[in-house]
Structure formats: structure tokens, C-alpha cells
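Chain by chain, the residues run as shown.
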Amino acid sequence: MISRTLNHSIFKLVGGLLCFTTCAILIAVWIATTNHARIQATQGLDIGQSIFTQVLSTRENQLYNSAFVLTADYGFIQSVASKDKATITSVLHNHGGRISADLMALLSLDGNIISSTSVSIDSKNPFLTKELIKAAIVDGGATTILEIDKTLYQVILLTVDAPVPIAIAAIGFEINQALIEELAAITKLHITIESRYASGEKIAISSLPDTQLDNVNKSVAQEISILRSPFERANRFFSKQFLLSELKDRQVWIILSEDLNSLFAEFNLLQVEITFITILSIGLALLLGALFAKNLSRPLTNLSAMAQRIARGDYQESIDTQANLLEINNLAIAFSVMQENVRHREKKIQFQASHDLLTNLYNRYQITEIIQQKMSEKKPFQVFGMNIQGFREINDTFGYYIGDRCLQLLADRFLELEGHTARLNGGELLWLPEKIVEETTALEIRKRLEQPLKIDNTVINVRFAIGVVRYPVDTEDAQALFRHISIAVDHARQQENLYQAYNRVLENSYLYRLEVLNELKQTLSTSQSELAIYYQPKLNLHTRQVNKVEALIRWNSKRLGFISPELFIPIAEQAGFINQVTDWVIDRVIQDTCRWQRMGINLQVAINLSVHDVANANLLPGIVRRLEQAGLENNLLAFEITESDLMKKPEKAIEQLQAFRAHGFSLAIDDFGTGYSSLAYLKNMPVSELKLDKSFILKLDQQTDDQSIVQTIITLARTFNLETVAEGVENEAALRLLDHWGCDWIQGYFISKPMANDQIQHWLMAHNTANWINTETEKERYRQYA
């Protein structure tokens, strides 16, 4: 797009507006004057026609009066009757002289000339037509325009009665050039009288030269056009014609013409004056516009240069643009304010771009640049990654306001450390010390950072998991450094002292976990046979029957080999697709249960759920729908959730588990005794079983502490009307103790290892009548543990 200067635009605007206005005025004046001229000319022609006919009518009356006096004269009548030609001729001369008639004649009733005062009238050639003679005899008289010897006459005919018509008197006035000029002077019009014969011959008398008669005839059928040329001067007429007289072989037409040159002379002068004034106005306007544009564009040009300087980031030079226009001065002031605001805003944006807005610590991008700068110096340094343990639980328990204030107070402590500090995300912080820090010093610093935080009468205790990476020993680029920090912090969470320095072994473990993650995603997305469900029977110690099993997922990868659920289940939870694993397990369990039902085997299958599964709003409706489609009762499925998961959000867990209970599903708290269950929450939990963690059962017959814990839990469950399930029973001694203490269900390798679904029928048939506790004597041996 072509850019134009302000001066050019102002010139174009002013000149264009003036030209447009002038053209509009000229066109309007042109149309108005043309229409006015047309009306004026038409009215003038109508008035001219009226005057012309009035003059002819006056002359006709004069002729009539003269002819009446002549034809009524008794002596004239006697001379006509006696055919006294001399007397008749004398009377005609005398009477014609008195009235200044140009034509005096007496005709017989058959049209022959008896006597005439005009030598141009031949007595042998009648000049009246039979129609006129007949009309005069019948009507007593007649009027007409006659051409005699190329001369036009206005003639009146009256009969000479004695008392019947005996002759016809004809009296006429010549229509000559003098009459035409007189009428033209009276009407202010050009007058043309034209006789047109049937043969095509024309005889005309006109106030115009003969050379213009053709133009007059052409103008009769024309109107005054708006598209007329103002510069055309010659032969311009506006004409009107009307029929004056008509005989058998000829017509007499009157043509009245208006000279358009004189008519438009004043109008054309007016248009020339308007055009001249407009040209002067355009010139003056362009001159003033140039001065205005110069005064306007100069400060605007200065402001434009200042704006470009501001755009380049130069905010130091002040804006000093003085102009005669208040608006320009206001614009300059606005530019100054804008420059100051942009300076402050850019400073703020630069700070926001490089800092975490909540804590005012560096953000990830800025600390990355700092690390890259230090790497370019080729000097060794350390980076400490510090993760606030349980920070999500702080937000969930106390709310995000307390969580944010917690971060802000910790950031204040970090800012007191020497070096650079940053917040990566959530509860992940980074410290880049100025010098190498030993582990003991780092732990002392952590101790200071972990001092309790008091926020609105709430005391928050925090702990940090610390991972350390050294440059250039552990990494050579910034991206690898962040990855190694994440690996070290992740392993630090699993250490007793929550401290881990990065080493290559950790990297291998991390890469292996990534490989497991990718393989698991691939396995779940395809039809595969790598995943399988194994079932471990649960023995009812009261009935000595097995009518419950626990579903356990197994994964035998073609590429990685056997992978323990204790490895890939947490990975799936962290990666956010544990729900897909759970859906696969539920679908497979329902398929196997349908198969057992067809075989007459009724087993309740317990499925393990994670806290992510319980929080999934679509899980329960999906389970109910699939059971309905399979035609299975809801009580054929039970669900287990670990105690630690339940205690993360106990109120929410209670609400969600109540929905499961409302649909008839049995629920159990798994690994009970390893978490921090509150009795207040426990009594409200909609569960039917407590499942003792196997860590208490594996050496139950050897560890008195485990025996005390197990007995207490069984007693507690009985108090809350809950059944107990002991997992990890691997010897008969443990079985007998649990049976003696009133445990309801047991499972473990002593009963059976987990088995595939097609082995369940054979195992049940083989162990349906098994005597798990041999004799009463053997029972008595274990009473000492009661």
C-alpha cells in the first residue's frame, strides 16, 4: 500500500472537496438555468403566439368593418347590380385608399374578377378557390390568407346582397416584411411565416436571414438540452410553430423562434463568474492548507521520530514539541506520559518475564540463562533442587491462600541465601550458590529453611527433599542439568534423610522408568497378551471355604520381561493414565467372572483402586453399566483402596465411597495399619473390611510387636462391625494365630499363589475339602499367643 505525506493528504482533501463542491454547484446552476431557460422560452413563445394571433385578429376586424361599409353602400350595390364597371373601380380605389387596403376586388359569384385595384390580379385567372367562394356565398363571408404573385395577403370576403348575393367583395392587407419586423419587435421573438405547398414548395417571410431558416425549421422539433454546449454561439434557436391557414393545396405556418444565445448570455456569464471564483478559492484554500499542513506535519513528524525512538527502547530523551494547536500540544503531553508509562511497564514486564510473580524469585527461563552464563565461564558450580514435601496436601488441607503465603515466606528465606534462587513450579525451588556447598552445610541450611511457618494463627511444618547436581561432573548443558535435578529430587524423596546427590545410576533408573512408561502406553493402546489378571484366593476362617479372590495385574513385557506391579502402577499414577489400567482390569475381571458363572463358580472378586480411580467421576457409572451388560450382580465385585490414599482427602473419599456402597459394592481399606487413619474418619468410612498389611503378617509367629498390632486391629474392626482380612499368610502358624484371634479372612502363599483364571476351577475342586488346620491339639498350641 502506497503511503502519502500529510501535506499531500491535506492538499488532496481540500482540493478534492473544493472541486467536488464547485462541480456540484456548477452542475446545479447549469441544470437550474437550463430548466429556467426552457420554461422562460416556452412562456415567451406562448406569449408571442398570443400576440401574433391578436394582431391578425385586429387586422381581420378592421378588414371586416371596411368590407361591411363597402358592401352596405347603396350606390355601390346599384353599380354592382347595373354592372357599372367604371363606378365599381372608382369605389374600390376610393375605399381602399381610405382604409389603406393593399387589395380591393369585386368578384362574380362564379369567382371571375369584375374589378380590382391591384395590377397583380389577372381578370382571366381567378385567385379564389371554389371552396372559398362557396363558403362566402353560404356564410355571407369568409377570411383567409392568400398568396398572390408570391405575396401573402390577409383577405376577407363579403357578399354584395341585393337582397340576394349578386357579387363578392374582397379586401386584404399585405403580410410583408414590415409587418413581420413590427411583430418581432413587439414579441421580442423572431417570426417566420411560411407557405407550404402540397408539391413541396415553400415561400417564407422571416425576421431572420434566409441562411438561418433551415436552423429555425430544425429547432422546431428540439428541446433545450441539459447537455448543451456553453461555447456554441451560432444558429441556436428554440422554436414553436402553429398553423395559421389551410387550403386544399397549401398550408400557412407561423414559426416563432427564441434566440438562445441572448437567453443564456447572463446564465453563461454567471457560470464563468462562479468558475473564476472557485479557481481563486481553490488556490487560496491550497495555499492556506499548505501552511496549515506545514504547521501540523512538522510537530507530528517530530512526534513520529520520538515514537520510533520509544519503539527502539530509548526512553531517556524528553519530548519537547511546541505547536500552535492545542491538540498537538496535548498529543505531545500524551506521548510524554506514554513514554513514562512504557518505561515503567517494560521494566515491570522484564521483571515478570524473569521472575515468578508469586514469590519474586527467578523463574525457570531466567535461571536457565543464568546457568548457561555460568556454564560459559567454564567454572564448576552446584545446583540444588528443593521440593516441598506434601505441598499439594498443604493446598488441599489449608487452601490455596495458605499455600501461597507458605511459598512467599519460604521465598523470603531463600532470598537470604548467597547466590541465585528460583521457583520452577508448584513446590519446586532451585538454589544456585555462589560457591561449592558441602552436604553437611546444605543440611544445616535446609534445617533453617524448614523452621515452622506461622500464617494467620496456623503453623505449617515443611520439609524439603533435596537433589544436587554438579557442573561439569554431572552435566554439560542446561537441559540435562534440569533433568538430572528432577531425577535426584525424585530419588531424594525415597531417602531417609531426603537428600540425594546425582549419579549415573540414578539416570539409568530414570531412563528405565521412562522406558517402562512408554511400553505400558503402547501395550494399553493395542490388542495385546502381555497384561494378565491373576487371582489369589481368600479363605473364610469361619466356613473354611474360599468364595472370594483378589484380582492382581501382571505384566510380562516381550521387550522388558516381567515388570512388577509395584513399579509400573506408581508410574501409571504419576503419568496420569492409571484410569486406563483400571478400566482394562475391570473389563478383564468381568469377562472372567462371566466365564466362572457359566461354570457354576460364584466368587466375589476384589479389585484394587487408586485414589485417582476413586476421584474419577466416570468410573462408577461405567462399572455399573458394564455389569448390567454382562448380566452380573453388583455384589460379585468388591474394591480395595489403600489407607494412605484414603487419608489424603478423607472427606472427599468418604463421599465418593458412599456412592460405591449405595450400589451394593463391598469396600475394604487395604494395607491398614501403615497409614495414619483417624478413628473419627474410620467410623464414618463406608467400608466393610479392614485388610491388614502383610508387613505385620509375614513374621507374625515370630514378632510379638506384630502380634500385638494385629490383635488390636482385629479388636478395633470388631468394635466398628468390620471384617478383617490378613494378607501375606505364608505358614500354618500364622494361620492358626489369626484363626484364634477371630480374623475373618486370610490370603497368602500358604493358601495359594495368585493363579490365572483358567486354573481357578481346578484349584477349587482340589482344595474344596482341604483341612487347613489339622487337629484340636494343634489349635491348643497357639492359644499362648492369645
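Because the structure is a prediction, the values reported are computed rather than measured. (Residues numbered from 1 in each chain as written. Predicted model: local features only at pLDDT ≥ 70, side-chain atom pairs only at ≥ 80, totals over all residues. Heavy atoms only, no water.)

Enquirer: How would you summarise the overall build of the protein if you had to cite specific residues and measurements?
Expert: Across its full length, the protein holds 25 helices and 26 strands. Counting over 786 residues, the protein shows a buried share of 45%. Long-range contacts, defined here as pairs at least 24 residues apart, represent 65% of the contacts in the protein between residues at least 6 apart. (Helix = DSSP H or I, 4+ residues; strand = E, 2+ residues; numbered from the N terminus. Buried < 20%, exposed > 50% of the residue type's maximum accessible area, 1.4 Å probe, protein only. Contact = heavy atoms within 4.5 Å.)

Enquirer: Go over the confidence of the model for the protein, please, and point to the residues and values.
Expert: In the predicted model, the protein carries a mean pLDDT of 82, and 88% of its residues have values of at least 70. Across residues 781–786, where pLDDT falls below 50, the model places 13 contacts with residues more than four positions away in sequence or in other chains. (pLDDT = per-residue confidence, 0-100.)

Enquirer: Talk me through the side chain of Ser-610; I want residue IDs and the actual numbers.
Expert: Positionally, Ser-610 belongs in the loop between strand 20 (604–609) and helix 17 (611–614). Beyond its immediate stretch of four places on either side in the chain, Ser-610 contacts Glu-573, Ile-578, Ile-641 and Asp-645.

Enquirer: Could you give me a rundown of the nonpolar core, with the residues and numbers involved?
Expert: Among the nonpolar cores identified, the biggest contains 81 residues, and Leu-637, Leu-738 and Ile-746 are the most heavily contacted of them. Looking at this core, the element that brings in the most residues is helix 16 (residues 578–598), giving nine residues. Those residues within four positions of Leu-637 in sequence are excluded, and the remaining contacts are Val-589, Ile-590, Gln-604, Val-605, Ile-607, Ile-623, Leu-627, Phe-665 and Ser-666. Listed in part, the 27 residues of the second largest apolar core include Phe-384, Leu-407, Phe-414 and Leu-429. (Core = buried A, V, L, I, M, F, W, Y, C linked by side-chain atoms within 4.5 Å.)

Enquirer: Break down the sheet that holds strand 9 (residues 250–259) for me, with residues and values.
Expert: As summarised here, the arrangement of the four strands in space is 7-6-9-8, forming an open sheet in which the pairing is antiparallel. Sheet topology places strand 7 (202–206) and strand 8 (237–246) at the edges, where each strand pairs with a single neighbour. Shown here is a sheet whose adjacent strand axes are inclined to one another by a mean of 20 degrees, direction ignored. On the sheet, helix 5 (residues 177–187) packs against strand 6 (190–197) and strand 7 and is oriented at approximately 135 degrees with respect to strand 6. (Pairing = 2+ DSSP bridges. Axes fitted to C-alpha atoms, helices over the stretch in contact; angles between N-to-C directions.)

Enquirer: So what's going on with the pattern of salt bridges? Which residues, and what values?
Expert: Inspection of the entire model under this criterion finds 17 salt bridges. Among the charged side chains, a salt-bridge network with shared partners connects Lys-538, Glu-550, Glu-640 and Lys-691. (Salt bridge = Lys/Arg side-chain N within 4 Å of Asp/Glu carboxyl O.)

Enquirer: For the side chain of Glu-550, give the residues involved together with the corresponding values.
Expert: Mapped onto the elements, Glu-550 comes out in strand 18 (residues 545–557). In terms of polar contacts, Glu-550 uses its side chain to reach the side chain of Asn-608, at 2.9 Å. Within polar-contact distance, the side chain of Glu-550 engages the side chain of Gln-747 at 2.8 Å. When neighbours within four sequence positions are excluded, Glu-550 is seen to be in contact with Tyr-534, Tyr-535, Gln-536, Lys-538, Ala-606, Asn-608, Glu-640, Lys-691, Glu-727 and Gln-747. (Polar contact = N/O pair within 3.5 Å; in protein donor to acceptor, adjacent residues only side chain to side chain.)

Enquirer: I'd like a description of the sheet that holds strand 4 (residues 151–161), backed by residues and values.
Expert: Spatially, the five strands line up as an open sheet ordered 2-1-5-4-3, and their pairing is antiparallel. Edge positions in the sheet fall to strand 2 (113–116) and strand 3 (141–148), since each of these pairs with one other strand and no more. The sheet shows a mean angle of 25 degrees between the axes of neighbouring strands, taken without regard to direction. Across three bridges, strand 1 (residues 103–107) lies against strand 2 in antiparallel orientation. Paired with Ala-105 across the two strands is Ser-116, which belongs to strand 2. Strand contacts of helix 3 (residues 85–99): strand 1, strand 2 and strand 5 (165–175), with the helix running at about 150 degrees to strand 1, the strand carrying the most contacts.

Enquirer: So what about the packing of helix 13 (residues 478–492) against helix 14 (residues 504–524)? Which residues, and what values?
Expert: Running from amino to carboxyl end, helix 13 crosses helix 14 at an angle of 90 degrees, the nearest separation of the two axes being 10 Å. Looking at the two axes, helix 13 sits roughly perpendicular to helix 14. Judged by residue contacts, Arg-483, His-484, Ile-487, Ala-488, Asp-490 and His-491 of helix 13 engage Leu-506, Glu-507, Ser-509, Tyr-510 and Arg-513 from helix 14. Taken together, the residues of the contact of helix 13 with helix 14 break down into four nonpolar, three polar and four charged. (Parallel < 35°, antiparallel > 145°, perpendicular 65-115°, else oblique. Nonpolar A, V, L, I, M, F, W, Y, C, P; charged D, E, K, R; others polar.)

Enquirer: Provide a residue-level description of the environment of Glu-434, including the pertinent values.
Expert: Among the structural elements, Glu-434 can be located in the loop between strand 12 (428–432) and helix 12 (439–449). By relative accessible area, Glu-434 is classed as exposed at 52%. For the pair Glu-434 and Phe-381, spaced 53 residues apart in sequence, the C-alpha separation works out to 7.7 Å. Other than its neighbours up to four places away in sequence, Glu-434 contacts Glu-418, Gly-419 and His-420.

Enquirer: So what about the packing of helix 22 (residues 704–719) against helix 23 (residues 732–741)? Which residues, and what values?
Expert: The description of two helices packed together rests on the angle between their axes and the distance between the axes. Two elements in contact, helix 22 and helix 23, have axes separated by 10 Å at closest approach and are oriented at 35 degrees. You can see that helix 22 and helix 23 cross each other, and the crossing is right-handed. For the pair helix 22 and helix 23, the contacting residues are Gln-707, Val-710, Gln-711, Ile-714 and Arg-718 in the first and Leu-737, Leu-738 and Trp-741 in the second. When the residues that make up the contact of helix 22 with helix 23 are grouped by side-chain class, the tally is five nonpolar, two polar and one charged. (Left-handed = near helix turned anticlockwise from the far one by under 90°.)

Enquirer: Residue-level account of the packing of aromatic side chains, with values.
Expert: Within the structure shown, the criterion is met by nine aromatic pairs. Considering the side-chain rings of Phe-639 and Phe-665, the 5.3 Å spacing of their centres and the 75 degrees angle between planes classify their relative orientation as edge-to-face. Taken as a pair, Phe-639 in strand 21 (residues 637–642) and Phe-665 in the loop between helix 20 (650–662) and strand 22 (666–672) lie far apart in primary sequence, 26 residues in all. Comparing Phe-639 with Phe-665 shows no difference in burial state: the two are buried. (Phe/Tyr/Trp six-rings, centres within 6.5 Å; stacked < 30°, edge-to-face > 60°.)

Enquirer: So, a nonpolar patch on the surface: which residues are in play, and what are the values?
Expert: A surface patch of nonpolar side chains, amounting to about 400 Å² of accessible area, comprises Leu-284, Leu-287, Leu-288 and Leu-291. Among the structural elements, Leu-288 can be located in helix 7 (residues 260–311). (Patch = residues over 30% accessible without salt bridge, like charges linked within 9 Å, V, L, I, M, F, W, Y side chains within 5 Å. Areas by Shrake-Rupley, 256 points an atom, 1.4 Å probe, with all protein chains shown as cover.)

Enquirer: Any details on the pairing of strand 4? Residues and values, ideally.
Expert: Among the eleven residues in strand 4, ten count as buried, and that is most of the element. The loop that links strand 3 with its antiparallel partner strand 4 comprises two residues; one of these, Asp-149, has a positive phi angle of about 50 degrees. In the sheet, strand 4 pairs with strand 5 via ten bridges, with the strands oriented antiparallel. Directly across from Thr-159, in strand 5, lies its bridge partner Ile-168. Here strand 4 hands over to strand 5 after three residues, the two strands then running antiparallel side by side.

Enquirer: With reference to specific residues and values, describe helix 11 (residues 400–415).
Expert: Taking 1.5 Å of rise per residue, 16 residues should cover 22 Å, and helix 11 covers 22 Å from first to last C-alpha, within 8% of that figure. Along helix 11, the residues classified as buried are Ile-402, Gly-403, Cys-406, Leu-407, Leu-410, Ala-411 and Phe-414. (Expected span 1.5 Å × (residues − 1).)

Enquirer: Would you mind going over unusual backbone geometry in detail, with residue names and values included?
Expert: Residue Pro-163 is reached from Ala-162 by a cis peptide bond, and omega for that bond is -10 degrees. By secondary structure assignment, the location of Pro-163 is in the loop between strand 4 and strand 5. The omega angle of the peptide bond from Tyr-471 to Pro-472 is 5 degrees, so this bond is cis rather than trans. Topologically, Pro-472 is positioned in the loop between strand 15 (464–471) and helix 13.

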